[in-house]
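# Fold and geometry: a report
In case you want the letters, here they are:
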Amino acid sequence: MDTMSTLSKPDTGTWLVADIGGSNARFGMLDGKGAEIRHVKKLAVADYANPSQAAQAYLDELAASMGTAYRPPSKAAFAIATAVTGDRAELTNSPWILSRTEVEAKLKLDSLLVLNDFEALALSLPRLQASQLKVSAPLPAPHGKLAVIGPGTGLGVASVVQTRHGWIALAGEGGHVTLAAADDFESALLAHVRKQFSHVSGERLLSGIGLPLLHQAIAAMSGSPAAVLSTERIVEYGLDGSDAVCRQTLDVFCALLGSVAGNLALVLGASAVYIGGGIVPRFGDYFFQSRFRERFESKGRLRSYMENIPSAVITDTLAALTGAAVALEQHDM
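What comes next is a walk through the structure. (Residues numbered from 1 in each chain as written. Predicted model: local features only at pLDDT ≥ 70, side-chain atom pairs only at ≥ 80, totals over all residues. Heavy atoms only, no water.)

So, about the sheet that holds strand S11 (residues 166-171). The mixed open sheet is built from 6 strands, whose spatial order is S8-S13-S12-S9-S10-S11. Looking at which strands have only one partner, the edges of the open sheet turn out to be strand S8 (133-135) and S11. The mean angle between the axes of side-by-side strands here comes to 25°, regardless of whether they run parallel or antiparallel. Sheet analysis places strand S10 (residues 155-163) next to S11, joined by 6 bridges and oriented antiparallel. Considered in S11, the bridge of Ala158 is made with Ala171. (Pairing = 2+ DSSP bridges. Helix = DSSP H or I, 4+ residues; strand = E, 2+ residues; numbered from the N terminus. Axes fitted to C-alpha atoms, helices over the stretch in contact; angles between N-to-C directions.)

Attention now goes to a nonpolar patch on the surface. A surface patch of nonpolar side chains, amounting to about 240 Å² of accessible area, comprises Leu266, Leu302 and Tyr305. For Tyr305, the location among the structural elements is in helix H12 (residues 303-307). (Patch = residues over 30% accessible without salt bridge, like charges linked within 9 Å, V, L, I, M, F, W, Y side chains within 5 Å. Areas by Shrake-Rupley, 256 points an atom, 1.4 Å probe, with all protein chains shown as cover. Salt bridge = Lys/Arg side-chain N within 4 Å of Asp/Glu carboxyl O.)

All right, on to the environment of Ala89 then. Relative to the elements of secondary structure, Ala89 occurs in strand S5 (residues 88-90). Judged by relative accessible area, which is 5%, Ala89 ranks as buried. For the pair Ala89 and Ser99, spaced 10 residues apart in sequence, the C-alpha to C-alpha distance is 6.5 Å. (Buried < 20%, exposed > 50% of the residue type's maximum accessible area, 1.4 Å probe, protein only.)

Moving on, we come to the pairing of strand S9 (residues 145-151). For S9, the buried fraction is high: 6 of the 7 residues fall into the buried class. As paired strands, S9 and S10 are joined by 7 bridges and run antiparallel to one another. The residue bridging Gly150 from the neighbouring strand is Gly156, located in S10. Hairpin remark: S9 followed by S10, antiparallel, with 3 residues in the connecting loop. In terms of strand pairing, S9 meets strand S12 (residues 272-275) through 4 bridges, oriented parallel. Paired with Leu146 across the two strands is Ala272, which belongs to S12.

The strand order across the open sheet built from 5 strands is S3-S2-S1-S4-S7, with neighbouring strands paired in mixed fashion. Single-partner strands in this sheet number two, and they are strand S3 (38-44) and strand S7 (111-116). Strand-to-strand twist of the sheet, defined as the mean angle between neighbouring strand axes without regard to direction, takes the value 15°. Sheet topology note: the strand S2 (residues 24-30)/S3 ladder contains 5 bridges and is antiparallel. Paired with Ala25 across the strands is Leu43, a residue of S3. Most of the contacts of helix H2 (residues 51-66) go to S3, to which it runs at about 140°, and overall it touches strand S1 (15-20), S2, S3 and strand S4 (75-80). Lying on the sheet, helix H4 (residues 117-124) is in contact with S1, S4 and S7; it crosses S7 at an angle near 90°. (Contact = heavy atoms within 4.5 Å.)

This is the structure we're talking about:
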């Protein structure tokens, strides 16, 4: 940006941050580095044609409510649920397409940073407080390498590494790794799902879009096909115990997630693993009574090593917005 254009639009010091998933987009504003994120609002992705339209609707509503106190953002960071490899990104589980230069122009931003949503969530991990987590045992101070895996609409995976320059995020598409079976039942389950999908990834079953498929597969294997249920109903009926197939679905879900999370911890050498996304926090205490930790630790000769890696559930749905703000700080935009 040249000097003239910089002078023509003073930096307001206001930053816009967004966490854009397959179902919802969350927006917030903050007054620059280290400031509190305020005016958080969740918008349904289905209600808007694209990210810039949703962001503009959020800003218009904010301007109307704040009146003369409103200052338009000069910088923004959008955390989106897909791989970020260039200017144009298609969200994995949403019809939205984002062009960084287009959004930057439409919102009249000096700069826009676009990053993967779990990259942003990973950046928030070292700053999470006890009130934002649910744990079965106290967590040590963040150190070394931290991993996060999260079943939401899809399955997100990322990590952060501690360096002398601060915490550095490692983004990836780990939710699409091939799902592996740990016993005969799971082998039969995956064989059943492969009749419909040649590649059964973690996301295929361990996500909001995958839970109904897992439920149907378990019902078919039991010989008593069940009604097609939404993820919300499967979780509800499984937790209250009113439906045996739904209860078994949650049990298998937690076990498979434990295996995948344990693999992630081994590959990364993580000092702790966090569970994000919108599904697991709904499980409450059931998750800590499930087979998650059993399967997380079940790594043969490395069981004792795995037993020393703690896990925690992120209960704060706004954590990724903090990560987006951290990304802006790091890029010094």
